[in-house]
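Structural description and commentary
Here's the letter readout for the chains.
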Amino acid sequence: MRRFIFSILSILFIHYSFGQAIKNPIINKDFPDPTIIYTEGFYYAYATNSNIDDKLAHIQVARSKDLQNWTILGDALPEKPSWTDRDFWAPHVLFDSAINQFVLFYSGESGNGKCLGVAYAKHPAGPFKDSGKPLLCGEGFVNIDPMAFIDPKTKKKLLYWGSGHAPIKVQEMTDDWSAFREGSKSIDVMHPEQEAQYDKLIEGAWVDYHQGYYYLYYSGDNCCGPQASYAVMIARARNPFGPFERLGVFEGSNRSVLLEKDSLWLAPGHNSIFRDPKGNIFIAYHAIPINPNTGKPDGYGRVALIKRVHYQEGWPKIEDASTHSAPLTLADPHIFYDNGTYYLYGTGAPDGFQVYSSVDLENWTGPVGRDRNGYALHKDHTFGTMGFWAPQVFKYKNRFYMAYTANEQIAIASSDSPLGPFTQDTKRALNGPTKQIDPFIFFDKNKAYLYFVRLQDGNRIYCAELSNDLSQIKEETASECLRADEPWENTSDARWPVTEGPTVIKHAGLYYLLYSANDFRNPDYAVGYTTSSHPMGPWKKHRGNPIISRRLIGEDGSGHGDLIQDKQGNLHYVFHTHFKNGQVAPRKTAFIDLKFEHSGNLPIIQVDSNSFRFLTVGIK
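Given the structure is predicted, the values throughout are model-derived calculations rather than measurements.

1. Looking at the overall build of the chain
For the chain, the helix and strand inventory stands at 2 helices and 46 strands. Across its three principal directions, the C-alpha atoms of the chain cover 90 × 50 × 45 Å. Relative to its full complement of 620 residues, the chain shows a buried share of 59%. Contacts in the chain between residues far apart in sequence, at least 24 positions, make up 50% of those at least 6 positions apart. Summed over all atoms, the accessible surface of the chain reaches about 25,400 Å², with 47% contributed by carbon and sulfur. Counting 63 positive and 68 negative side-chain charges, the chain places the averaged centre of each group 1 Å from the other.

Here's what the structure looks like:
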């Protein structure tokens, strides 16, 4: 948008894990207010006026195959329009199939203030030719930052714009984008000075439609120069004309910031949203690089960057930047899937359970829990003071529940979100005659079954029915499912034999109970399974046990996990191993594929040893 000062910029890198490594900035020159589109097999990026090879380009355009390697093509608007001679700011380009043209929206200086303009081209690189007159003019810089949007519901063609301490507006346009539709009026959709930071001036509107919501991204206050203070904020609505609810209102924080400065980048903002051919969502924006040696910018040119965006819990989340990935060290792990997102929980945090999230089971971020320090469950709100082990999250009667172990007892807490906070109205454990751990709740034919471990002459796996409100174990139904009585289950001939970590799945009319055996510190800790025609048993152990062990995957202490079925219906097992051979803790989180093999009367579980991998989380 406004002024810029370009200097030679040092390259600062950020790594992204979505199948390829992207180094930011993607365009390491003054390339402000970037819009990126994908068309004709290429990504095209457009930006505010700047010099290319010592010559001013009115609208910069660049092209890339892979989002990393860009070729600066030149000026997309080489012919200067008659109504403006400078300040060609904030371009937005779209392809309109109804008129079979690429349409460029931008702003320029008329001599009496900024105006909105529109130009057309047959090719995404241009040359674009202006329509010959501005869409709208006014004093100051109120009429800048146009963003065109075709409503996917109504197919109405809309234009958003605004800055200069005035509201962001929207108005319907004609079918060819050459003028505002006759009889239409501009509607204010977002006002400045609603929050304590960044919104004395708001601009750079961008609207993205996703799963029933129109998301309004906007930036403020000061984009440029030594006093730059800029950030991206977010609001949403069910209608493209509003009313838009800011994130800060929804959360009660009065802070709607989605992206702001960090140790590497100053004044990030003025974004666009785009999708790659696989449907992955990205945010493109500009920022001023910070010299890591001085902690200050060397200059004030604005370079172009991108990050991944995921919509979670009804709001966009920007994927954390990371310089590298680190192994996840959650023992007794459990993955829960809800509404397009996977949530990973496990043993490891001292005061409860943290949670990590992913949309693909490969790239994990976090901890992202809503309680302090990324916790989904914290001991301040639930039963237990220590020994938080083996969580399981599930949805029941439109509410989320977590069953877990603390103080060697089992408790259940609830939340309105997989991110927590999980709480109890009354801090209490489930009833039982002895110590009991490792809960797994399974629903079948309108009954809730609790599979768990009782510490009675060893760790023995039990099953019992739960009350309908999940508050009580029906003790009269409790019965032992299995104990360690096979050689592989007690390789050290321990006096206290161990079977633990139950998880249950129903397949082809049979119930499969996966479990682990041996003490978790034993390198021979391993996974087997047993089957039954009824959820309470009797159970028959698989003759090919163990199915996951150090002999199969080459890692000591492989066990205590949970089954997860992905979006495509494929089955996996998440579990832990020892940190390394000869060192138990911290235990690393691992993942392996499995499937049911129908090769006889009884389907058996087959594990793909080649699919074994450790899960990692991106960290800065």
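2. Some remarks on the environment of Glu-245
Inspection of the secondary structure assignment puts Glu-245 in strand β19 (residues 245–246). Aside from chain neighbours lying at most four places away, what touches Glu-245 is Ala-235, Arg-236, Phe-250 and Trp-315.

3. A short note on the sheet that holds strand β15 (residues 187–190)
Read from one edge of the open sheet, 4 strands run β12-β13-β14-β15, paired in antiparallel fashion. At either end of the open sheet lies a strand with only one pairing partner, and these are β12 (147–150) and β15. Going across the sheet, the axis of each strand differs from the next one's by a mean of 30°, ignoring polarity.

4. Focus: the state of the cysteines
Should the sulfur atoms of two cysteines be covalently bonded, the bond is a disulfide. In total, this model carries 2 disulfides according to the counting rule given. Cys-115 shares a disulfide with Cys-137; S-S distance 2.0 Å. Handedness here is read from the sign of the S-S torsion; for Cys-115 and Cys-137, about 110°, the answer is right-handed. Of this pair, Cys-115 sits in strand β9 (residues 114–121) while Cys-137 is found in strand β11 (residues 136–137), placing the two residues 22 residues apart along the sequence. With relative accessibility at 41%, the residue Cys-137 sits in the partly exposed group. For the chain, numbering the cysteines in disulfides from first to last along the sequence yields the connectivity 1-2, 3-4. A disulfide-free cysteine, Cys-463 has its sulfur positioned 5.0 Å from the sulfur of Cys-481, the nearest such atom. For Cys-463, a relative accessible area of 0% puts it in the buried group.

5. Some words on the packing of aromatic side chains
Within the structure shown, the criterion is met by 35 aromatic pairs. Centroid distance Tyr-209 to Tyr-214: 4.8 Å. Interplanar angle 55°. Geometry classified as tilted. Taking 5.2 Å as the distance between ring centres and 15° as the angle between the ring planes, the aromatic pair formed by Phe-274 and Phe-282 counts as stacked. A relative accessible area of 4% means that Phe-274 is categorised as buried. Members of the aromatic cluster, each reached through a chain of ring pairs, are Tyr-213, Tyr-215, Phe-250, Tyr-311 and Trp-315.

6. Quick notes on the pattern of salt bridges
Across all of its chains, the model carries 31 salt bridges by this definition. Residue Asp-85 is joined to Arg-86 by a salt bridge in which the shortest nitrogen-to-oxygen separation is 3.3 Å. Among the residues examined, Asp-85 registers a relative accessible area of 45% and is labelled partly exposed. A salt bridge links Arg-181 to Asp-175, with the nearest nitrogen and oxygen atoms 2.9 Å apart. Residue class for Arg-181 comes out partly exposed when judged on its relative accessible area of 30%. Among the charged side chains, a network of salt bridges with common partners joins Asp-87, Glu-109 and Lys-114.

7. Here's the deal with the side chain of Asp-444
Tracing the sequence through the fold places Asp-444 in strand β34 (residues 436–444). Residue class for Asp-444 comes out buried when judged on its relative accessible area of 9%. Of note is the side chain of Asp-444, whose polar atom sits 3.4 Å from the side chain of Lys-506. A distance of 2.6 Å separates the side chain of Asp-444 from the side chain of Tyr-511, its partner in a polar contact. In contact with Asp-444, other than residues within four places in its own chain, are Tyr-449, Lys-506, Tyr-511 and Pro-535.

8. Description of the pairing of strand β1 (residues 35–39)
Within β1, 4 of the 5 residues are buried, leaving the element largely enclosed by the surrounding structure. Once β1 ends, the chain turns through 2 residues before running back antiparallel as strand β2 (residues 42–47), passing Glu-40 with a positive phi of about 55°.

9. Details of the sheet that holds strand β45 (residues 604–614)
Backbone-to-backbone hydrogen bonds join strands into a sheet, with any given pair of strands oriented parallel or antiparallel. One open sheet accounts for 4 strands, arranged β42-β43-β44-β45; its pairing is antiparallel. With partners counted over all chains shown, the strands left at the sheet margins are β42 (559–565) and β45, one partner each. Sheet twist, expressed as the mean angle between neighbouring strand axes with direction ignored, is 30°. Sheet analysis places strand β43 (residues 571–577) next to strand β44 (residues 588–597), joined by 7 bridges and oriented antiparallel. Bridge assignment links Thr-577 to a residue of β44, and that residue is Lys-588.

10. So, the confidence of the model for the chain
Averaged over all residues, the pLDDT of the chain is 93; the fraction at 70 or higher stands at 95%. Of the regions scoring below 50 in pLDDT, residues 1–20 engages in 77 contacts with residues more than four places distant in sequence or in other chains.

11. A few points about the side chain of Ser-558
For Ser-558, the position within the fold is in the loop between α2 (550–553) and β42. Within polar-contact distance, the side chain of Ser-558 engages the backbone oxygen of Glu-555 at 2.7 Å. Non-local contacts of Ser-558, meaning those with residues more than four positions away in its chain, are made with Tyr-525, Ala-526, Val-527, Ile-548, Ser-549, Arg-550, Ile-553, Phe-575, His-576 and Thr-577.

12. Quick word on the pairing of strand β17 (residues 213–222)
Within β17, 9 of the 10 residues are buried, leaving the element largely enclosed by the surrounding structure. Note: strand β16 (residues 203–210) against β17, 6 bridges, orientation antiparallel. From the neighbouring strand, Tyr-209 faces β17, where its bridge partner is Tyr-214. Hairpin connection of β16 to β17: 2 residues between the antiparallel strands, including Gln-211 at a positive phi of 45°. Taken together, the 9 bridges between β17 and strand β18 (residues 229–237) define a ladder with antiparallel strand orientation. Looking at the pairing, Gly-220 lines up with Ala-231 of β18. Between the end of β17 and the start of β18, which pair antiparallel, lie 6 residues, with Gly-225 showing a positive phi angle near 80°.

Conventions adopted
- Residues numbered from 1 in each chain as written.
- Predicted model: local features only at pLDDT ≥ 70, side-chain atom pairs only at ≥ 80, totals over all residues.
- Heavy atoms only, no water.
- Helix = DSSP H or I, 4+ residues; strand = E, 2+ residues; numbered from the N terminus.
- Buried < 20%, exposed > 50% of the residue type's maximum accessible area, 1.4 Å probe, protein only.
- Contact = heavy atoms within 4.5 Å.
- Areas by Shrake-Rupley, 256 points an atom, 1.4 Å probe, with all protein chains shown as cover.
- Lys, Arg positive; Asp, Glu negative; His and termini not counted.
- Charge placed at Lys NZ, Arg CZ, Asp CG, Glu CD.
- Pairing = 2+ DSSP bridges.
- Axes fitted to C-alpha atoms, helices over the stretch in contact; angles between N-to-C directions.
- Disulfide = S-S within 2.5 Å.
- Phe/Tyr/Trp six-rings, centres within 6.5 Å; stacked < 30°, edge-to-face > 60°.
- Salt bridge = Lys/Arg side-chain N within 4 Å of Asp/Glu carboxyl O.
- Polar contact = N/O pair within 3.5 Å; in protein donor to acceptor, adjacent residues only side chain to side chain.
- pLDDT = per-residue confidence, 0-100.

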